[in-house]
Amino acid sequence: VLVPDETWNALVTEYTREAGVRELQRQIASLLRACAERWVRDRPTQPILVTPAMMRELLGPQKYFPEVAGRELRPGVATGLAWTPAGGDILFIESTQMPGKGSLVLTGQLGDIMKESAQIALSLARSSVIPIPFDFSQRDIHIHVPAGGIPKDGPSAGVTLVTSLVSLIRNQPVDPEIGMTGEITLRDRKSTRL
């Protein structure tokens, strides 16, 4: 069996997401069992070359879809850096506004700490700490963190939440290749890393 680097890369990014290698070992074992079965059935004269397409055929549908930094500049979208058991990933914070009564809507399977960070971000945007001419009492704000099937929590999205809101309200896009993390407080004390 010959497995080129591109197949190994696809196997790691599409079929495993962990800090260790147990799931990777399981996937490699499944792949090799499928190759052994094919060899017994077909009796090829050459080694079996496992391309990424063949790997997907043998292992089934892709399990994980890594987030990729967007290229489109849109106001209200900011890129955050997130800790995961597999080491880390990026996540997007999306904000939009609509006519309303000053409500805050949060979606994306957020935990309590992230919900609190979103409320603090809105309070900062409304306060004199970040002066923005905007009538919050006549507009509803909706904040969404995609990949809704994955629970998200922790204080480190605070800076990204504020950036998303300020970008939306000022109608100024944020460079999608800038990833940010950091907690916020009502006193505007930030621990930011870019």
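Residues numbered from 1 in each chain as written. Predicted model: local features only at pLDDT ≥ 70, side-chain atom pairs only at ≥ 80, totals over all residues. Heavy atoms only, no water.

*Asks:* Would you explain the overall build of the chain in this entry?
*Replies:* Within the chain, the regular secondary structure consists of five helices and six strands. Put simply, the chain runs from its N terminus to its C terminus through helices and strands in the order α-α-α-β-β-β-α-β-α-β-β. Within the chain, buried positions represent 34% of all 194 residues. Sequence-distant contacts, at least 24 apart, represent 72% of the contacts inside the chain between residues at least 6 apart. Per element, the accessible surface of the chain, about 11,500 Å² overall, is 54% carbon and sulfur. (Helix = DSSP H or I, 4+ residues; strand = E, 2+ residues; numbered from the N terminus. Buried < 20%, exposed > 50% of the residue type's maximum accessible area, 1.4 Å probe, protein only. Contact = heavy atoms within 4.5 Å. Areas by Shrake-Rupley, 256 points an atom, 1.4 Å probe, with all protein chains shown as cover.)

*Asks:* Looking at this structure, how should I read the pairing of strand β5 (residues 179-183)?
*Replies:* On a regular strand, each side chain points to the face opposite its neighbour's, so the side chains alternate between the two faces of the sheet. Counting buried positions along β5 gives four out of five residues, so the element sits mostly inside the fold. As judged from the two bridges shared by strand β1 (residues 77-82) and β5, these two strands associate in the parallel manner. Of the residues in β5, the one forming a bridge with Gly80 is Met180. (Pairing = 2+ DSSP bridges.)

*Asks:* Hey, could you run me through helix α5 (residues 158-170) in this one?
*Replies:* For α5, with 13 residues, the first-to-last C-alpha span of 18 Å sits near the 18 Å given by 1.5 Å per residue. Of all 13 residues that make up α5, eleven are buried, and the element is covered over most of its length. Backbone geometry just downstream of α5 places Asn171 in the positive-phi region, at approximately 60 degrees. (Expected span 1.5 Å × (residues − 1).)

*Asks:* What's the story with the pattern of salt bridges in this structure? I'm lost.
*Replies:* Between side chains of opposite charge, pairing is possible as soon as their charged atoms come close. Within this structure, the stated rule accounts for five salt bridges. Between Glu14 and Arg56 there is a salt bridge whose closest N-O contact spans 2.8 Å. Of the two residues, Glu14 sits in helix α1 (residues 5-15) while Arg56 sits in helix α3 (residues 52-59), which places them 42 residues apart along the sequence. A salt bridge links Arg41 to Asp42; its shortest N-O distance comes to 3.2 Å. The exposed category is assigned to Arg41, whose relative accessible area is 53%. A relative accessible area of 46% places Asp42 in the partly exposed class. Salt bridges sharing partners connect three or more residues here, namely Glu23, Arg26 and Lys63. (Salt bridge = Lys/Arg side-chain N within 4 Å of Asp/Glu carboxyl O.)

*Asks:* How should the nonpolar core be read in this particular structure?
*Replies:* A general feature of soluble globular proteins is that nonpolar side chains tend to end up buried together. Formed by 26 residues in total, the largest nonpolar core has its most connected members in Ile93, Ile143 and Leu161. The set of elements that each furnish at least two residues to this core consists of β2 (89-99), α4 (112-126), β4 (139-144) and α5. Top element by residues in this core is α5. It accounts for seven residues. If we skip the residues at most four places from it in the chain, Ile93 touches Gly76, Val77, Ala78, Met114, Ile143, His144, Val145, Thr160, Leu161 and Ser164. Counting ten residues, the second-largest nonpolar core is a separate cluster that includes Ala10, Leu11, Val50 and Met54. (Core = buried A, V, L, I, M, F, W, Y, C linked by side-chain atoms within 4.5 Å.)

*Asks:* Is there a simple way to think about the packing of α1 against helix α2 (residues 22-42) in this case?
*Replies:* When two helices pack together, their arrangement is given by the angle between the helix axes and by the axis-to-axis distance. Axis separation between α1 and α2 bottoms out at 10 Å; the angle between their running directions is 125 degrees. Taken together, the axis directions place α1 and α2 in an arrangement best described as oblique. α1 and α2 meet at a crossing whose hand is right-handed. Residues Trp8, Leu11, Val12 and Tyr15 of α1 touch α2, and the partners they reach there are Glu23, Leu24, Gln27 and Ile28. (Axes fitted to C-alpha atoms, helices over the stretch in contact; angles between N-to-C directions. Parallel < 35°, antiparallel > 145°, perpendicular 65-115°, else oblique. Left-handed = near helix turned anticlockwise from the far one by under 90°.)

*Asks:* How do you make sense of α3 when you look at a structure like this?
*Replies:* The periodicity of an α-helix, 3.6 residues per turn, causes residues three or four places apart in sequence to face the same way. Burial in α3 covers these residues: Pro52, Met54, Met55 and Leu59. Looking straight down α3, one finds its buried side chains confined to an arc of 155 degrees; they lie on one side. The exposed set on the far side of α3, more than 90 degrees from its buried face, consists of Ala53 and Glu57. At its buried positions, α3 is contacted by α1 and α2. Downstream of α3 by a residue or two, Gly60 has a phi angle that is positive, lying close to 95 degrees. (Arc of directions from axis to C-beta.)

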